[in-house]
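# Architecture and fold: a report
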Amino acid sequence: MASKFPSVPLALLLALVARVTCLDNGLARTPPMGWVTWCTDNSPIPCDNDYCDENEVRSVVDAMVSNGMRELGYKHVNLDDCWAGARTANGTITADVSRFPSGTLKPLADYVHSKGFLLGLYTDVGTTTCKWGRPGSWGHYQQDALTYAAWGIDFVKMDWCDHPGQYNDIPTTSFLTATTFTYAIGAGITAAAGTR
(Lines give C-alpha, C1' and ligand atoms only; values in the text may rest on other atoms or scores of the structure.)
Protein backbone atom coordinates (compact mmCIF):
# COMPACT_ATOMS: atom_id res chain seq x y z
CA MET A 1 0.00 0.00 0.00
CA ALA A 2 1.42 3.39 -1.00
CA SER A 3 1.95 6.10 1.60
CA LYS A 4 -0.32 9.15 1.54
CA PHE A 5 2.67 11.34 2.30
CA PRO A 6 5.46 12.36 -0.09
CA SER A 7 8.86 10.80 0.60
CA VAL A 8 10.26 13.77 2.50
CA PRO A 9 12.52 12.81 5.39
CA LEU A 10 10.73 13.37 8.69
CA ALA A 11 13.59 15.41 10.12
CA LEU A 12 13.42 17.83 7.19
CA LEU A 13 9.67 18.16 7.54
CA LEU A 14 9.97 18.85 11.27
CA ALA A 15 12.72 21.37 10.64
CA LEU A 16 10.46 23.25 8.28
CA VAL A 17 7.48 23.42 10.63
CA ALA A 18 9.08 23.49 14.07
CA ARG A 19 9.70 26.73 15.86
CA VAL A 20 13.01 26.84 17.69
CA THR A 21 13.43 29.06 20.71
CA CYS A 22 16.75 29.73 22.41
CA LEU A 23 18.35 32.42 24.48
CA ASP A 24 19.93 35.15 22.42
CA ASN A 25 22.33 36.29 25.10
CA GLY A 26 25.65 35.72 23.32
CA LEU A 27 26.62 32.74 25.47
CA ALA A 28 27.72 29.36 24.06
CA ARG A 29 27.46 30.24 20.38
CA THR A 30 30.01 27.50 19.63
CA PRO A 31 30.84 24.26 21.46
CA PRO A 32 33.08 24.84 24.50
CA MET A 33 36.43 23.66 23.10
CA GLY A 34 39.59 23.94 25.15
CA TRP A 35 41.42 22.34 28.07
CA VAL A 36 40.13 20.95 31.35
CA THR A 37 42.13 19.92 34.42
CA TRP A 38 40.33 16.58 34.75
CA CYS A 39 41.83 13.30 33.62
CA THR A 40 40.59 9.75 33.73
CA ASP A 41 40.87 7.51 36.77
CA ASN A 42 40.95 4.43 34.56
CA SER A 43 44.25 2.58 34.26
CA PRO A 44 46.83 3.04 32.95
CA ILE A 45 46.50 6.79 33.55
CA PRO A 46 46.23 7.54 37.28
CA CYS A 47 44.75 10.90 38.16
CA ASP A 48 46.16 11.40 41.64
CA ASN A 49 49.10 13.42 40.36
CA ASP A 50 46.90 15.76 38.28
CA TYR A 51 47.28 18.50 40.83
CA CYS A 52 45.74 21.58 39.19
CA ASP A 53 47.09 24.82 40.58
CA GLU A 54 47.32 28.40 39.39
CA ASN A 55 50.83 27.99 37.95
CA GLU A 56 49.82 24.90 35.95
CA VAL A 57 46.74 26.65 34.52
CA ARG A 58 48.73 29.75 33.57
CA SER A 59 51.39 27.62 31.85
CA VAL A 60 48.74 25.71 29.88
CA VAL A 61 47.12 29.00 28.78
CA ASP A 62 50.52 30.29 27.63
CA ALA A 63 51.13 27.05 25.72
CA MET A 64 47.71 27.28 24.05
CA VAL A 65 48.57 30.78 22.87
CA SER A 66 52.03 29.83 21.57
CA ASN A 67 50.91 26.66 19.77
CA GLY A 68 48.01 28.41 17.99
CA MET A 69 45.12 26.59 19.67
CA ARG A 70 43.36 29.85 20.54
CA GLU A 71 43.24 30.86 16.88
CA LEU A 72 41.70 27.47 16.06
CA GLY A 73 38.78 28.15 18.41
CA TYR A 74 40.02 26.49 21.60
CA LYS A 75 38.96 29.21 24.02
CA HIS A 76 37.86 27.42 27.20
CA VAL A 77 40.06 26.66 30.21
CA ASN A 78 38.06 24.74 32.81
CA LEU A 79 38.97 23.78 36.36
CA ASP A 80 37.42 20.50 37.42
CA ASP A 81 37.26 19.04 40.96
CA CYS A 82 40.52 20.64 42.13
CA TRP A 83 40.01 24.30 42.93
CA ALA A 84 37.49 24.80 45.78
CA GLY A 85 38.47 25.63 49.33
CA ALA A 86 36.31 25.94 52.42
CA ARG A 87 33.27 28.18 52.72
CA THR A 88 33.56 31.32 54.84
CA ALA A 89 31.36 31.87 57.90
CA ASN A 90 28.72 33.52 55.69
CA GLY A 91 28.79 30.61 53.22
CA THR A 92 30.85 32.17 50.44
CA ILE A 93 32.92 29.64 48.49
CA THR A 94 36.68 30.23 48.39
CA ALA A 95 39.49 28.82 46.27
CA ASP A 96 41.96 26.38 47.88
CA VAL A 97 44.80 28.69 48.98
CA SER A 98 47.38 25.92 48.66
CA ARG A 99 46.63 25.89 44.91
CA PHE A 100 45.30 29.41 44.29
CA PRO A 101 47.14 31.67 46.77
CA SER A 102 44.71 34.61 46.71
CA GLY A 103 41.84 32.38 47.93
CA THR A 104 39.81 33.55 44.93
CA LEU A 105 39.90 32.75 41.22
CA LYS A 106 39.70 36.44 40.19
CA PRO A 107 43.45 36.87 39.49
CA LEU A 108 43.47 33.69 37.42
CA ALA A 109 40.32 34.73 35.53
CA ASP A 110 41.90 38.12 34.78
CA TYR A 111 45.01 36.39 33.43
CA VAL A 112 43.03 33.88 31.35
CA HIS A 113 40.88 36.70 29.92
CA SER A 114 43.96 38.81 29.11
CA LYS A 115 45.15 35.94 26.89
CA GLY A 116 41.81 35.73 25.05
CA PHE A 117 40.36 32.69 26.82
CA LEU A 118 37.30 31.95 28.97
CA LEU A 119 37.61 30.44 32.47
CA GLY A 120 35.24 27.78 33.71
CA LEU A 121 34.92 25.74 36.86
CA TYR A 122 33.21 22.69 38.30
CA THR A 123 30.82 22.28 41.20
CA ASP A 124 28.19 19.79 42.31
CA VAL A 125 24.45 20.17 42.91
CA GLY A 126 24.89 18.49 46.31
CA THR A 127 26.89 19.34 49.41
CA THR A 128 30.22 17.91 48.20
CA THR A 129 32.00 17.35 44.92
CA CYS A 130 32.32 13.91 43.36
CA LYS A 131 35.96 12.96 43.69
CA TRP A 132 37.59 15.12 46.34
CA GLY A 133 34.66 15.99 48.62
CA ARG A 134 35.13 19.72 48.25
CA PRO A 135 32.13 22.01 48.93
CA GLY A 136 29.25 21.60 46.48
CA SER A 137 26.61 24.24 45.80
CA TRP A 138 23.67 22.73 47.72
CA GLY A 139 21.95 25.58 49.53
CA HIS A 140 24.26 28.16 47.92
CA TYR A 141 23.21 28.24 44.26
CA GLN A 142 22.58 31.94 43.97
CA GLN A 143 25.45 32.85 46.29
CA ASP A 144 27.87 30.71 44.28
CA ALA A 145 26.66 32.05 40.92
CA LEU A 146 27.16 35.61 42.14
CA THR A 147 30.62 34.75 43.52
CA TYR A 148 31.61 33.11 40.25
CA ALA A 149 30.38 36.15 38.33
CA ALA A 150 32.37 38.49 40.61
CA TRP A 151 35.47 36.40 39.95
CA GLY A 152 34.89 36.60 36.19
CA ILE A 153 33.99 32.93 35.67
CA ASP A 154 32.47 32.30 32.24
CA PHE A 155 31.36 28.65 32.42
CA VAL A 156 30.09 26.37 35.20
CA LYS A 157 29.91 22.59 34.97
CA MET A 158 27.48 21.31 37.61
CA ASP A 159 27.67 17.60 38.42
CA TRP A 160 24.88 15.51 39.97
CA CYS A 161 26.85 12.75 41.71
CA ASP A 162 26.26 14.03 45.26
CA HIS A 163 22.62 15.01 44.92
CA PRO A 164 20.47 14.72 48.05
CA GLY A 165 18.89 11.26 48.08
CA GLN A 166 15.33 12.53 48.15
CA TYR A 167 15.86 14.18 44.75
CA ASN A 168 16.19 11.13 42.50
CA ASP A 169 13.03 11.85 40.54
CA ILE A 170 13.17 13.59 37.18
CA PRO A 171 10.75 16.49 37.92
CA THR A 172 12.68 17.53 41.02
CA THR A 173 16.00 17.05 39.25
CA SER A 174 14.83 19.26 36.41
CA PHE A 175 13.51 21.91 38.79
CA LEU A 176 16.72 22.10 40.83
CA THR A 177 18.90 22.14 37.75
CA ALA A 178 16.77 24.82 36.09
CA THR A 179 16.89 26.92 39.25
CA THR A 180 20.66 26.60 39.42
CA PHE A 181 21.07 27.53 35.78
CA THR A 182 18.69 30.47 36.11
CA TYR A 183 20.96 31.94 38.78
CA ALA A 184 24.10 31.21 36.77
CA ILE A 185 22.77 32.49 33.45
CA GLY A 186 21.37 35.57 35.19
CA ALA A 187 24.93 36.26 36.32
CA GLY A 188 26.23 36.02 32.73
CA ILE A 189 27.67 32.51 33.04
CA THR A 190 27.20 29.57 30.67
CA ALA A 191 26.09 26.52 32.64
CA ALA A 192 26.23 22.80 31.81
CA ALA A 193 25.02 19.79 33.80
CA GLY A 194 26.30 16.27 34.28
CA THR A 195 24.34 13.33 35.63
CA ARG A 196 25.33 10.00 37.12
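Here, every reference points to the structure presented above.
Residues numbered from 1 in each chain as written. Predicted model: local features only at pLDDT ≥ 70, side-chain atom pairs only at ≥ 80, totals over all residues. Heavy atoms only, no water.

Here we take up the state of the cysteines. All chains considered together, the criterion is met by 1 disulfide. The residue that forms a disulfide with C52 is C82, at a sulfur-sulfur distance of 2.0 Å. Pair noted here: C52 is in the loop between β1 (34-36) and α2 (54-66) and C82 is in the loop between β2 (76-79) and β3 (84-87), with a separation of 30 residues, a long-range link. On the accessibility criterion, C82 (5% relative accessible area) is buried. (Disulfide = S-S within 2.5 Å. Helix = DSSP H or I, 4+ residues; strand = E, 2+ residues; numbered from the N terminus. Buried < 20%, exposed > 50% of the residue type's maximum accessible area, 1.4 Å probe, protein only.)

Glancing now at the pattern of salt bridges. A pair can form between side chains of opposite charge whenever their charged atoms are brought close. Summed over the entire model, instances satisfying the criterion amount to 8 salt bridges. We note a salt bridge from D144 to R87, for which the minimum N-O separation is 2.9 Å. Taken as a pair, D144 in helix α4 (residues 141-151) and R87 in strand β3 lie far apart in primary sequence, 57 residues in all. Look at R87 and you get partly exposed, because its relative accessible area is 21%. (Salt bridge = Lys/Arg side-chain N within 4 Å of Asp/Glu carboxyl O.)

It is worth spelling out the side chain of D144 at this point. Given the relative accessible area of 1%, D144 is considered buried. Within polar-contact distance, the side chain of D144 engages the side chain of R87 at 2.9 Å. The residues contacting D144, other than those within four sequence positions of it, are R87, I93, G136 and S137. (Polar contact = N/O pair within 3.5 Å; in protein donor to acceptor, adjacent residues only side chain to side chain. Contact = heavy atoms within 4.5 Å.)

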